Amino acid sequence: MHIEHLIFDLDNTLYPATAEMDAGIHDRMMECVAAFFGVSLEKAAEMKKINIQKFSTTLEWIRHEGFTDVEGFFAKVHPENEVDELKHDENLRPFLESIKIPKIILTNSPREHAERVLARLNVRDLFDCICDIRDCQLLGKPYEEAYRIALKMCGGTVENSIFLDDMQKYTDGFASMGGTAVLVGEKNGKPLSEDSAAAFKGFAKHPGRTFKIKSIYQLKDVLAEIRC
């Protein structure tokens, strides 16, 4: 396989899932859900657990239920100071620089969040572009169109690109298109089963392959294996 493009998820992929910022994002998101449905935080989390596998994001789920204040949701979940709890990783930049393959970001978050995180990690200039949830008309991974939009932005194809994410249902989405995906970390959520994927176009049409690594720093091992 000749690899010409690397498509990275952002949160919990470029940095560990143990980062405190991720907990803050989750808590603020649950506050939005609880306020919309008029329920407790505990009930909101229970409702999300039941419903999320049928939707690409929490936002898509609550929009399906009638939520309309999308920009208010983004502002609440991703305040300007959100990255204060994200530790700088001095090893990330030299590691990414050492991989001489064009890179982009595909995230189910808004662009302003991606810009803040990449700036905090000191790697923004290493990514040619960001494909965010607005670029995908608020329907993100694992919808096939989300990956297609990202591929179009970077000039890549399913055959010459690799997609990396920490959530299995999102790597499953890319692999279902015949692509090569890399599942990062140990907290990967549920796979994209046929039942839960009924709403997502392209699922299991052309099964690809998925590699599993514990952290982004094992990516070179995967690249070496693919090139063999």
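As the structure is a prediction and not an experimental result, all values here were calculated from the model. (Residues numbered from 1 in each chain as written. Predicted model: local features only at pLDDT ≥ 70, side-chain atom pairs only at ≥ 80, totals over all residues. Heavy atoms only, no water.)

Enquirer: Provide a residue-level description of the sheet that holds strand E2 (residues 103-106), including the pertinent values.
Expert: The pairing of strands in a sheet comes from backbone hydrogen bonds and takes either a parallel or an antiparallel form. Spatially, E3-E2-E1-E4-E5-E6 is the arrangement adopted by the six strands of the open sheet, whose pairing is parallel. Two strands lie at the open edges of the sheet, namely strand E3 (130-131) and strand E6 (209-213), each paired on one side alone. Here E2 pairs with E3 via two bridges, running parallel. Each bridged residue has a counterpart across the sheet, and for Leu106 the counterpart in E3 is Cys131. (Pairing = 2+ DSSP bridges. Helix = DSSP H or I, 4+ residues; strand = E, 2+ residues; numbered from the N terminus.)

Enquirer: Give me the lowdown on the nonpolar core, citing residues and values where you can.
Expert: The biggest cluster of nonpolar side chains holds 54 residues, and the ones touching the most others in it are Leu6, Phe8, Phe73 and Phe127. Top contributing element to this core by residue count: helix H1 (residues 20-37), with seven residues. In contact with Phe8, not counting residues within four places along its chain, are Leu14, Leu96, Lys103, Ile104, Ile105, Leu106, Phe127, Leu164, Ile216 and Leu219. Core analysis: the second largest hydrophobic core is formed by 18 residues, Cys136, Ala150, Leu151 and Tyr170 among them. (Core = buried A, V, L, I, M, F, W, Y, C linked by side-chain atoms within 4.5 Å. Buried < 20%, exposed > 50% of the residue type's maximum accessible area, 1.4 Å probe, protein only. Contact = heavy atoms within 4.5 Å.)

Enquirer: Quick rundown of the pattern of salt bridges? Include the residues and the values.
Expert: The final tally for this structure, using the stated rule, is 14 salt bridges. Between Arg93 and Asp125 there is a salt bridge, with the nearest N and O atoms lying 2.8 Å from each other. With Arg93 in helix H5 (residues 92-98) and Asp125 in the loop between helix H6 (111-120) and E3, this residue pair connects regions lying 32 residues apart in the sequence. According to the relative accessible area criterion, Arg93 is buried, its value standing at 19%. The exposure class assigned to Asp125 is exposed, which follows from its relative accessible area of 54%. Several salt bridges share partner residues, and in doing so they unite Glu71, Arg111, Glu112, Asp132, Arg134 and Asp135 into one network. (Salt bridge = Lys/Arg side-chain N within 4 Å of Asp/Glu carboxyl O.)

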